[in-house]
Amino acid sequence: VIILAVVILNALLGIFQEGKAERAILELKKLTAPTCRVVREGIPRRMPAEDLVPGDIVLLETGDLVPADIRLILVAGLETMEAALTGESLPVGKVQCLLTGPEDLPPGDRKNMAYLGTSVVRGRGTGVVTATGMDTEIGRIAGILGETSGEKTPLQLKLARLSRILSIGVLLICLFIFLLGILRNPGASGRVLLDQFLMAVSLAVAAIPEGLVAVVTIVLSLGVTRMSVRKAIIRRLTAVETLGCTQVICSDKTGTLTRNRMTVVETTGHSEQLALAMVLCNDAVESDEDFLGDPTETALARFALGNGQSKRELESRFARVGEIPFDGDRKRMTTFHEEAGGILQFTKGAPEVLLSRCTRVLLESGLEVDMSPRWQETILEENHRMACRALRVLAAARRFREVLPADACDPETEEDLTFIGLAGLADPVREEAREAISLCRRAGIRPVMITGDHRTTALAVARELELGADPQDQVLTGNDLSSMTDGELENRVLTCNVYARVQPEHKVRIVRALKRQGYITAMTGDGVNDAPALKVADIGVGMGLTGTDVTRSVSDMVLADDNFATIVSAVEEGRRIYENLRKAVQYLLSSNLSEVLALLSATLMGFRLFSPVHILWINLVTDTFPAVALGLEEAEPDLMNRPPRDPVEGILAGGLGVSVLYQGALMALLTLASWYSGSGVSPERATTMAFVTLSAAEVFHCLNLRSRRESVFRKYGVNPWLPAAMAFSLGLTLGVLYLPGLADIFRLERLPAGSLVRSLGLALLVIPMVELVKLLNRRKP
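Residues numbered from 1 in each chain as written. Predicted model: local features only at pLDDT ≥ 70, side-chain atom pairs only at ≥ 80, totals over all residues. Heavy atoms only, no water.

1. Here's the deal with the overall build of the protein
Then comes step 1: Per the secondary structure count, the protein includes 28 helices and 25 strands.
Then comes step 2: When the backbone C-alpha atoms are referred to their principal axes, the protein occupies close to 115 × 65 × 45 Å.
Then comes step 3: Across the 781 residues in the protein, those meeting the buried criterion constitute 53%.
Then comes step 4: As displayed, the protein offers around 34200 Å² of accessible surface, 59% of which is attributable to carbon and sulfur atoms.
Then comes step 5: A gap of 8 Å separates the mean positions of the 83 positive and 92 negative side-chain charges of the protein. (Helix = DSSP H or I, 4+ residues; strand = E, 2+ residues; numbered from the N terminus. Buried < 20%, exposed > 50% of the residue type's maximum accessible area, 1.4 Å probe, protein only. Areas by Shrake-Rupley, 256 points an atom, 1.4 Å probe, with all protein chains shown as cover. Lys, Arg positive; Asp, Glu negative; His and termini not counted. Charge placed at Lys NZ, Arg CZ, Asp CG, Glu CD.)

2. Digging into empty space enclosed by the protein
Then comes step 1: On inspection of all chains with the given rule, the structure shows one cavity of 30 Å³ or more.
Then comes step 2: Estimates place the volume of the largest cavity at around 30 Å³.
Then comes step 3: A per-class count over the lining of the largest cavity returns two nonpolar, one polar and five charged. (1 Å grid on protein atoms, 1.4 Å probe; cavity = no way out; pocket = protein on both sides within 12 Å on 5 of 7 lines; lining within 4 Å. Points joined across faces, edges and corners; volume = space filled by probe spheres on them. Nonpolar A, V, L, I, M, F, W, Y, C, P; charged D, E, K, R; others polar.)

3. With respect to the nonpolar core
Then comes step 1: One finds M557 and F564 to be the most contacted residues of the largest nonpolar core, which totals 84 residues.
Then comes step 2: The element that contributes the greatest number of residues to this core is helix α20 (residues 564-604), accounting for 14 residues.
Then comes step 3: When sequence neighbours within four positions are dropped, the list of residues in contact with M557 reads A232, I233, I234, L243, G540, V541, G542, I567 and A570. (Core = buried A, V, L, I, M, F, W, Y, C linked by side-chain atoms within 4.5 Å. Contact = heavy atoms within 4.5 Å.)

4. Side note on the pairing of strand β9 (residues 248-252)
Then comes step 1: Burial analysis of β9 places five of its five residues in the buried class, the great majority of the element.
Then comes step 2: Alternating positions in β9 separate into two faces, V248, C250 and D252 on one and I249 and S251 on the other, with burial throughout.
Then comes step 3: For β9 and strand β20 (residues 446-450), the ladder comprises five bridges, and the chain directions are parallel. Looking across to β20, one finds that D252 is bridged to I450.
Then comes step 4: As judged from the three bridges shared by β9 and strand β23 (residues 521-525), these two strands associate in the parallel manner. Across the sheet, the residue bridging to V248 is T521, located in β23. (Pairing = 2+ DSSP bridges.)

5. Thoughts on the sheet that holds strand β21 (residues 475-477)
Then comes step 1: An order of β8-β25-β24-β23-β9-β20-β22-β21 is seen for the eight strands of this open sheet, with the pairing classed as mixed. Two strands close off the open sheet at either side, each with one partner strand: β8 (232-234) and β21. Across this sheet, the average inter-strand angle for adjacent strands is 20 degrees, counted without regard to direction. (Axes fitted to C-alpha atoms, helices over the stretch in contact; angles between N-to-C directions.)

6. Examining helix α8 (residues 271-280)
Helical periodicity: at 3.6 residues per turn, an α-helix aligns residues three or four positions apart in one direction.
Then comes step 1: Where burial is concerned, most of α8 is hidden: eight out of the ten residues are buried.
Then comes step 2: Those residues of α8 that fall on the buried side of the exposure criterion are Q273, L274, A275, L276, A277, M278, V279 and L280.

7. Here we look at the environment of W721
Then comes step 1: Tracing the sequence through the fold places W721 in helix α25 (residues 721-738).
Then comes step 2: Between the C-alpha atom of W721 and that of E633, which follows or precedes it by 88 residues, the distance is 8.5 Å.

8. Looking at the side chain of R575
Then comes step 1: For R575, the location among the structural elements is in helix α20.
Then comes step 2: Buried and without a salt bridge, R575 has E579 as its closest oppositely charged side chain, separated by 8.1 Å.
Then comes step 3: Not counting chain neighbours up to four residues away, the residues in contact with R575 comprise G244, A443, I445, L639, M640, R642, P643 and P644. (Salt bridge = Lys/Arg side-chain N within 4 Å of Asp/Glu carboxyl O.)

9. Brief notes about the pairing of strand β4 (residues 69-81)
Each regular strand displays side chains that alternate between the two surfaces of the sheet.
Then comes step 1: Taken together, the ten bridges between β4 and strand β7 (residues 119-131) define a ladder with antiparallel strand orientation. Each bridged residue has a counterpart across the sheet, and for A76 the counterpart in β7 is R124.
Then comes step 2: Direction of pairing for β4 relative to strand β6 (residues 113-114): antiparallel, over a ladder of two bridges. Considered in β6, the bridge of I70 is made with A114.
Then comes step 3: With two bridges connecting them, β4 and strand β5 (residues 92-93) associate as antiparallel partners. Opposite E79, over in β5, you have G93 as the bridge partner.

10. As for a nonpolar patch on the surface
Then comes step 1: Residues L4, I8, L12 and I15 make up a contiguous nonpolar surface patch of roughly 420 Å² in combined accessible area.
Then comes step 2: Its location among the elements puts L12 in helix α1 (residues 2-31). (Patch = residues over 30% accessible without salt bridge, like charges linked within 9 Å, V, L, I, M, F, W, Y side chains within 5 Å.)

11. Notes on the packing of aromatic side chains
Then comes step 1: In this structure the tally under the stated criterion is five aromatic pairs.
Then comes step 2: Centroid distance F607 to W675: 3.9 Å. Interplanar angle 15 degrees. Geometry classified as stacked. With F607 in the loop between α20 and α21 (612-622) and W675 in helix α23 (residues 656-679), this residue pair connects regions lying 68 residues apart in the sequence. Summarising the burial analysis for this pair, F607 and W675 share the class buried. (Phe/Tyr/Trp six-rings, centres within 6.5 Å; stacked < 30°, edge-to-face > 60°.)

12. Some words on the environment of S755
Then comes step 1: As for its position among the elements, S755 is in helix α27 (residues 753-764).
Then comes step 2: Sequence-wise, S755 and A686 are 69 residues apart; in three dimensions their C-alpha atoms are separated by 9.7 Å.
Then comes step 3: Sequence-distant contacts of S755, that is, excluding residues within four places in its chain, are made with R685 and M689.
Then comes step 4: Looking at S755, its side chain comes within polar contact range of the side chain of R685, at 3.3 Å. (Polar contact = N/O pair within 3.5 Å; in protein donor to acceptor, adjacent residues only side chain to side chain.)

13. Some thoughts on helix α13 (residues 431-442)
Then comes step 1: With twelve residues, α13 should cover 16 Å at 1.5 Å per step; its first-to-last C-alpha distance of 17 Å lies within 8% of that length.
Then comes step 2: Buried residues along α13 sit against β9, β20, α14 (455-465) and α20. (Expected span 1.5 Å × (residues − 1).)

14. Some points on the packing of α23 against helix α28 (residues 766-779)
Then comes step 1: The interhelical angle for the contact between α23 and α28, taken along N-to-C directions, is 150 degrees, at an axis separation of 11 Å. Judged by the inter-axis angle, α23 sits roughly antiparallel to α28. Here the hand of the crossing between α23 and α28 comes out right-handed. Touching Y662, Q663, L666, M667 and L670 of α23 are V766, M769, V770 and V773, all from α28.
Then comes step 2: Classifying every residue of the contact of α23 with α28 gives eight nonpolar, one polar and no charged. (Parallel < 35°, antiparallel > 145°, perpendicular 65-115°, else oblique. Left-handed = near helix turned anticlockwise from the far one by under 90°.)

15. Points about the confidence of the model for the protein
Then comes step 1: The predicted model of the protein averages 85 in pLDDT, with 91% of residues at 70 or higher.
Then comes step 2: Mean pLDDT per element in the protein: α1 is the minimum at 65, and strand β16 (residues 358-362) is the maximum at 96.
Then comes step 3: Across residues 145-150, where pLDDT falls below 50, the model places zero contacts with residues more than four positions away in sequence or in other chains. (pLDDT = per-residue confidence, 0-100.)

16. As for the packing of helix α24 (residues 683-704) against α28
Then comes step 1: Contact pair α24 / α28: the axes reach a minimum separation of 9 Å and the direction vectors enclose 30 degrees. On the basis of their axis angle, the class for α24 and α28 is roughly parallel. Judged by the sense of rotation from one axis to the other, the crossing of α24 with α28 is right-handed. Residue-level contacts link A697, F700, H701, L703 and N704 of α24 to V766, I767, V770 and K774 of α28.
Then comes step 2: Within the contact of α24 with α28, the residues separate by chemical class into six nonpolar, two polar and one charged.

Below you can see the structure in the form of structure tokens.
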């Protein structure tokens, strides 16, 4: 009856803790839930997608997840990926006109609609919400399918395998003990056979660490919550374990290694026209307080505002009538605006790309002159000078037209331009990123910077961050990567720490090359084109502030502050969680082994040591609280000075299995010694002293496991939960002896002071004995 009650209690605790962990993870996922840009009361604002209602005006741009079913009223090169809804594998171009045809057009043919669950892969658009939630097209499908799935982490799978091995071993030991008892007592009565059966049950109870599942669940859920406090939101539990063995972190520059607070600090060319170009060829939206949009574009809008050019006023004077959206392959963006007498075209983008399309130069005086080789050389020198200062450099150009081009995709549309000038934007390096990179190196982790910026800018930032990229040949550009075979790239990724002018497809090649070389790799990303690289990486890291909904949805972890240092903090936290789980596993297995060895030895020597209820009490009451407290230990001081662990190593690797064996044997010997100490008085006295010694020895043993190598007397960190758990567990054990009525239920006796001191003294010996082993291990070379 007691065993059944305890098993039911343990099951209820497990359900409660797992439910609590799932609720915690769901709450964290809400922090990365999709947001959208909405126009309410004429003011653009960002808000959670779940707050949308039919009739809202939604602004869509590249990288957004469509937050509802939307009727499009304005599009500019808008294309969405609708594979999740219609099965269409290619992006679908959208229109804003009224469709003709039957009223029951299938969703795939409704070109003027954007649907919940799809993503914007190109262009931008504006639309009216027509349906939300379960009323949407994909909501109706979800209502039909309604499936749920659970996910077990690799650690949980390893522990499940360990449990199966233990279970098989236990059954074999129990069968052996039961048959041995029968052979020793041929023709024994039913009472004797029942005693032998109960002894076998005792061994089974002793061998299985019943509290292990609850401990693992609690430690993982608390660890994930703790990570969120440090701005790292874990979307998949598998990431917690993988973080602990990360060997390479591939990071974007802007916003992650830098502050992502772009500011125009230097310009060349015609200032007024440069400001006009930068504010009109710009998708940032002016709100009451600031600008919403890409950090570079908001910086350009602020620069123009500082020069007396209000974006809102200029857009009303020069209405945009067409555009060619920015594209990572083209590295430029073009907009067309109405002006008296014609169309004014502005193009902005990478200087080296724009310069080749310019035939004239606008001077500061306002005159235009032909573009000559000398002018090209001067502009490129200015670009190089700014890039050497770690500035991000953008160029602007213009062209006057009589009419809007019939085909914006015609290559000649962005030719025959007049060069206006350059704008150099500064994005200061994060001080914490420099410290985090130094910490990475000590931890055996390679930090790698991947950026779309110019090679010179990338090299300047890398030197400032001390990424070890001084030699020129240590910087690879996108062109270099395109000319390399996969085999050549695999060799270069071993030494290259900086990649410049990189395209999204290059990121995928870099990650795959690193993985083929055996590296566990984390990759950051913010744009929609980064999603493939994030999915290929062992850990995809999305940006919470500047990242698109698409990248956040495919990420394993989201940075709430877009900070590289947060990734390193998450790696440290992942290592701490895994090490603490190993401590808890070692504690529980060594404790259970001590019980098995003590019971088995007593059986072989012909006396009965404990009954099942004693073992259940020790396993579920005495052991569980210290095990959970061990899971809450702070990181050891040298944790980030160790190399990353091997991801395929077993839970008992690194000598942990040997430690479990000798520590279990040690506590079993102390328990048997305590039994012999009281056996001269009565069997009840002997059992009670052994019960106290084993319970206390396991409680004291948790102090040994704060560090597997360092002395328990060395002061490092504070874990207030551990002494509280120890005091609580010891109090419960002594309560069994001294609270009225409990000793009779457990068939124990109240120990006199001398016997109690002797029992506790034997239990305390577990600390100096393990200390001696640690000392010998520290003296090994």
